[in-house]
Amino acid sequence: MSPTTTGTVLDGIIAGVLKDLHERQLMVTSDNLREAIELVAPAIDPIPRLTSPGLSVISEVKRSSPSKGQLATISDPAALADQYRAGGAAAISVLTEERRFQGSLADLDAVRAKVEIPVLRKDFVVTDYQVLEARAHGADLVLLIVAALSDDDLRRLYDLACELGMTPLVEVHTAEEARRAAALDARVVGVNARNLKTLDVDRSIFGRLLGELPEGVVKVAESGILRVDQAVEAHDCGADAVLVGEMLVRHGEPAQVLREIHRATV
Ligand SMILES: O=C(O)c1ccccc1NCC(=O)[C@H](O)[C@H](O)COP(=O)(O)O
């Protein structure tokens, strides 16, 4: 497997991810993961929640990031996820990448054990093993970043996730990537406002790529939403859902923010 990467930031992140992955594979085999998958509850279909009235919010457990550094001390990710649930989050996104985001599979386990709403494994998934891991740790959705994958890998990982009952969130940032997502027949597509080459954020990209997304696909505006009015703007522009990290983890009362977004868009 040789992931196709398009920028130095993404290259660097994936290089670290592959090193950590190698360590885990020495301890837990793919067969072990397949055995574990037999024992976990079936994946939840997130689409009803992502398309319910008003703007749905995929609420992220995010400690740190390459663009902003440390964002929040999250000692109890399950408690944070529960606040999100109480505020009406459609799903919880859990960053599991360790080096740059200070996430972990333990965070995913803790959140999964706490909430009964859909959970996204948010990572840089480039191998079958990581898709198996996501399901074995109870994820309902898995992120596939088009810029990080060749067409063959994207198709194979997409099909594997679906075969395991999960819903891939297929992330794009350019018109060409949007066309590649459309060719997959992806049911849920995220338009990332953050350029993973430069880390620049441009929220207008969502509106510009809208015409490239197939009718009927669940449209998620990702990244850079730092105020409620920016979430409302994404809704007005046609987003079914937003994926929000920083605004929620920096706010003392994230459930209030989620309720405000719901009130403003329902
Ligand atoms: O957040 C970053 O700096 C980042 C850098 C490189 C690759 C991915 C990155 N973030 C992952 C995400 O997709 C965001 O955590 C997510 O969309 C939420 O973004 P935000 O609301 O801006 O925290």
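Above this note sits the structure.
Every value quoted in this text rests on a predicted model; they were computed, and no experiment measured them.

**Student:** Looking at this structure, I do not really get the site of the ligand. What am I missing?
**Tutor:** Neighbouring the ligand are 18 residues; Glu60, Lys62, Ser67, Lys122 and Ser223 lie closest to it. Here Ser65 contributes a side-chain N or O atom positioned 3.4 Å from an oxygen atom of the ligand. Between Gly245 and the ligand, the recorded distance is 2.8 Å, taken from a backbone N or O atom to an oxygen atom. About the coverage of the ligand: the protein hides 99% of its 510 Å² of free accessible area. With respect to the pocket detection grid, the ligand is positioned in the largest cavity. Grouping the constituent residues of the shell around the ligand by class yields eight nonpolar, five polar and five charged.

**Student:** How do you make sense of helix α10 (residues 228–237) when you look at a structure like this?
**Tutor:** Side chains three or four residues apart in an α-helix point the same way, a direct result of the helix having 3.6 residues per turn. Within the sequence span of α10, burial applies to Val228, Gln230, Ala231, Val232 and Ala234. Buried positions along α10 lie against α9 (205–209), β9 (218–222), β10 (241–244), α11 (246–250) and α12 (254–265). Directly after α10, the chain includes Gly238, whose backbone phi takes a positive value near 125°.

**Student:** Quick question: what am I supposed to make of the environment of Asp202 here?
**Tutor:** Following the sequence through the fold, Asp202 ends up in the loop between β8 (188–192) and α9. Classification of Asp202 by relative accessible area gives partly exposed; the value is 30%. With 22 residues separating them in the primary sequence, Asp202 and Gly224 have C-alpha atoms 7.7 Å apart. Setting aside residues no more than four positions away along its own chain, Asp202 makes contact with Ala193 and Arg208. Of the polar contacts made by the side chain of Asp202, one reaches the side chain of Arg208; its length is 2.6 Å.

**Student:** How should I be thinking about the environment of Leu226 in this particular structure?
**Tutor:** Within the secondary structure, Leu226 is located in the loop between β9 and α10. In this structure the C-alpha to C-alpha distance between Leu226 and Ser59, which are 167 residues apart in sequence, comes to 13 Å.

**Student:** Which parts of the structure should I look at to understand the side chain of Glu60?
**Tutor:** Inspection of the secondary structure assignment puts Glu60 in strand β1 (residues 56–61). A polar side-chain atom of Glu60 sits 2.6 Å from a polar atom in the side chain of Ser93.

**Student:** How should I be thinking about helix α5 (residues 105–114) in this particular structure?
**Tutor:** Taken as a whole, α5 has its buried residues at Leu105, Asp107, Leu108, Val111 and Arg112. The buried residues of α5 occupy an angular sector of 150° when projected down its axis, which confines them to one face. Away from the buried face of α5 by more than 90 degrees, exposed residues Ala106 and Ala113 are located. The secondary structure elements touched by the buried residues of α5 are α1 (8–27), β1, α4 (77–87), β4 (91–95), β5 (119–122) and α6 (128–136). In this structure Ser104 caps α5, since a side-chain oxygen of it lies 3.3 Å from the backbone nitrogen of Ala106.

**Student:** Got a minute to help me understand empty space enclosed by the protein in this structure?
**Tutor:** A probe as big as a water molecule, rolled over the atoms, marks out the empty space that is left. A complete count under the given rule lists one cavity of 30 Å³ or more for this structure. Lining the largest cavity are 29 residues; nearest its centre among them are Lys62, Phe101, Lys122, Arg194 and Ser223. Broken down by secondary-structure element, the contributors of at least two residues to the lining of the largest cavity are α1, β6 (141–145), β10 and α11. Residues belonging to the lining of the largest cavity are distributed by class as follows: 16 nonpolar, six polar and seven charged.

How each quantity is defined
- Residues numbered from 1 in each chain as written.
- Predicted model: local features only at pLDDT ≥ 70, side-chain atom pairs only at ≥ 80, totals over all residues.
- Heavy atoms only, no water.
- Near = heavy atom within 4 Å.
- Polar contact = N/O pair within 3.5 Å; in protein donor to acceptor, adjacent residues only side chain to side chain.
- Areas by Shrake-Rupley, 256 points an atom, 1.4 Å probe, with all protein chains shown as cover.
- 1 Å grid on protein atoms, 1.4 Å probe; cavity = no way out; pocket = protein on both sides within 12 Å on 5 of 7 lines; lining within 4 Å.
- Sits in = over half its atoms within 2 Å of the grid points.
- Nonpolar A, V, L, I, M, F, W, Y, C, P; charged D, E, K, R; others polar.
- Buried < 20%, exposed > 50% of the residue type's maximum accessible area, 1.4 Å probe, protein only.
- Helix = DSSP H or I, 4+ residues; strand = E, 2+ residues; numbered from the N terminus.
- Contact = heavy atoms within 4.5 Å.
- Arc of directions from axis to C-beta.
- Points joined across faces, edges and corners; volume = space filled by probe spheres on them.

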